[in-house]
Amino acid sequence: MRAPQNRAGRRVTINDLAAHLGMSKSTVSRAMNGYADISESTRKRVASTAQKLGYQPLSHAQAIRTGRVRALALVLQMDEPDRHNPFLQEFLMGACETASGFGWTVTVSTATSNADMQNVLGRLVDERKADGFILPRTEVKDARISLLQARGVPHVLFGRTEHGVPTAQQKSSWYDILGEAAMCSAVTRLAGLGHERIGYVGSTANFNYTHLRREGFKAGLAAAGLTYDAALLREGARTREEGAEEVHALMRLERPPTGVVFATDMAALGGYDALSDLGLQVGRDVSVIGYDGVPEADYVRPGLTTYHVDTRKAGARLAELLIRQIRGESPETLREVSDAILVERQSDGPPALRPDQLAEKIKNTQ
């Protein structure tokens, strides 16, 4: 790859950049390398001007001088059912754009299993392919965190661990969406529409968000003054097929729910399939609310009411938090949460039938 050149045909140097900015070479160098004595506004001005002029530091020389390769890493697990999630592109765009603004790159690798994930992470650390790691899909007890903490490698979580209450020994930064708040809001929304029997379809137990969203559902029942019934709570649905299976189970109850809240949109779309099989109309016979904001939610009929997650923003925030940690900020001070945004469509509304009437309708259509 040819180095960027100025109008005279030679490579743009740090001296050119310093002269253009009216700063000393030392100040520009320290700004490019993230030293704490350089203000954030100066750093951004230097980075922006460097990008406009086409200046790029010689990576091998910089790595020798600073011990950094100016790269972030993300390892994707390819045996996950949502590995082709359309959000991945937006997430990577956010991370890459932000890293590029700092003069960094993002390296993406893959693993085929939990065991392979440990091997890949260890290899990338040993080979110094990255200065830190973004860890998506956090688990309650996450082996990736243990490995990176033991090796003293910076990392940032897309999510939380330990049911949202990490131990004092955990030195991780994170960015997360308050899925528990969204689940609580979904329940109170249905209760406000007149639903008194509300079901819940959650995800698999190893993921931390599963526990947080389930507790949010229970908090919503309490806030609405509704009694918790364990029979209305189903778990383990990550795919469309699993969502359909759990909704079939809910609808077989003697008093089925007239509204169902889903921890993920994919499971909710499976709920559409199950309700159609039973001769029921989404939004009239049974109200449905999802979470994630997948594109399909706008195309099904009726459109799925859901809580949208801005994954591009998530990727951007994670990249910045990780770079700041690598540059010396304490991980415990780099923890942020954000809200999912309600997108109202036509899949929820006032109940047309009581639970006993709904059960009778299901029985008559079979």
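An account of the accompanying structure is given in this report. (Residues numbered from 1 in each chain as written. Predicted model: local features only at pLDDT ≥ 70, side-chain atom pairs only at ≥ 80, totals over all residues. Heavy atoms only, no water.)

Before going further, it helps to examine helix α13 (residues 355-365). Listing the buried residues of α13 in full gives P355, L358, A359 and I362. Taken end-on, α13 shows its buried residues confined to a sector of 100 degrees, consistent with a single buried face. Against α10 (240-251) lie the buried residues of α13. (Buried < 20%, exposed > 50% of the residue type's maximum accessible area, 1.4 Å probe, protein only. Helix = DSSP H or I, 4+ residues; strand = E, 2+ residues; numbered from the N terminus. Arc of directions from axis to C-beta. Contact = heavy atoms within 4.5 Å.)

Of the positions making up helix α1 (residues 14-21), those classed as buried are I14, L17, A18 and L21. Viewed along the axis of α1, the buried residues span an arc of 100 degrees, placing them on a single side of the element. Opposite its buried face, α1 presents the exposed residues A19 and H20, each directed more than 90 degrees away. As for α1, its buried residues are in contact with α2 (25-32) and α3 (40-53).

What follows is about the side chain of T305. Inspection of the secondary structure puts T305 in the loop between β9 (287-289) and β10 (306-308). Within the local environment of T305, its side chain forms a polar contact with the side chain of D348, the two groups lying 2.8 Å apart. (Polar contact = N/O pair within 3.5 Å; in protein donor to acceptor, adjacent residues only side chain to side chain.)

We now examine the environment of A249. Relative to the assigned elements, A249 resides in helix α10. Distance in space between the C-alpha atoms of A249 and I38 is 60 Å, their sequence separation being 211 residues.

Ranked by internal contacts, the top residues of the largest apolar core, which has 41 residues, are L72, F91, I134, V261 and Y291. Where this core is concerned, the elements lending two or more residues are β1 (71-77), α5 (87-101), β4 (155-158), β5 (173-177), α8 (179-192), β6 (198-201), α9 (208-224) and α12 (311-326). Ignoring sequence-local partners within four residues, the contact set of L72 consists of A99, W104, T105, V106, T107, A130, G132, A319, L322, I323 and I326. Ranked by size, the runner-up nonpolar core spans 26 residues in total, among them V201, F262, A268 and V282. (Core = buried A, V, L, I, M, F, W, Y, C linked by side-chain atoms within 4.5 Å.)

A few words on the sheet that holds strand β8 (residues 259-262). The strand order β7-β6-β8-β9 describes an open sheet built from four strands, whose pairing is parallel. Strand pairing shows two members of the sheet lacking a second neighbour, β7 (233-234) and β9, which therefore form its edges. Looking at chain direction, β6 and β8 are connected through four bridges and run parallel. Residue pairing in the sheet places V201 in a bridge with F262 of β8. Here α8 sits on the sheet in contact with β6, β8 and β9, set at roughly 170 degrees to β8. Running at roughly 175 degrees to β6, α9 makes contact with β6 and β7 of the sheet. (Pairing = 2+ DSSP bridges. Axes fitted to C-alpha atoms, helices over the stretch in contact; angles between N-to-C directions.)

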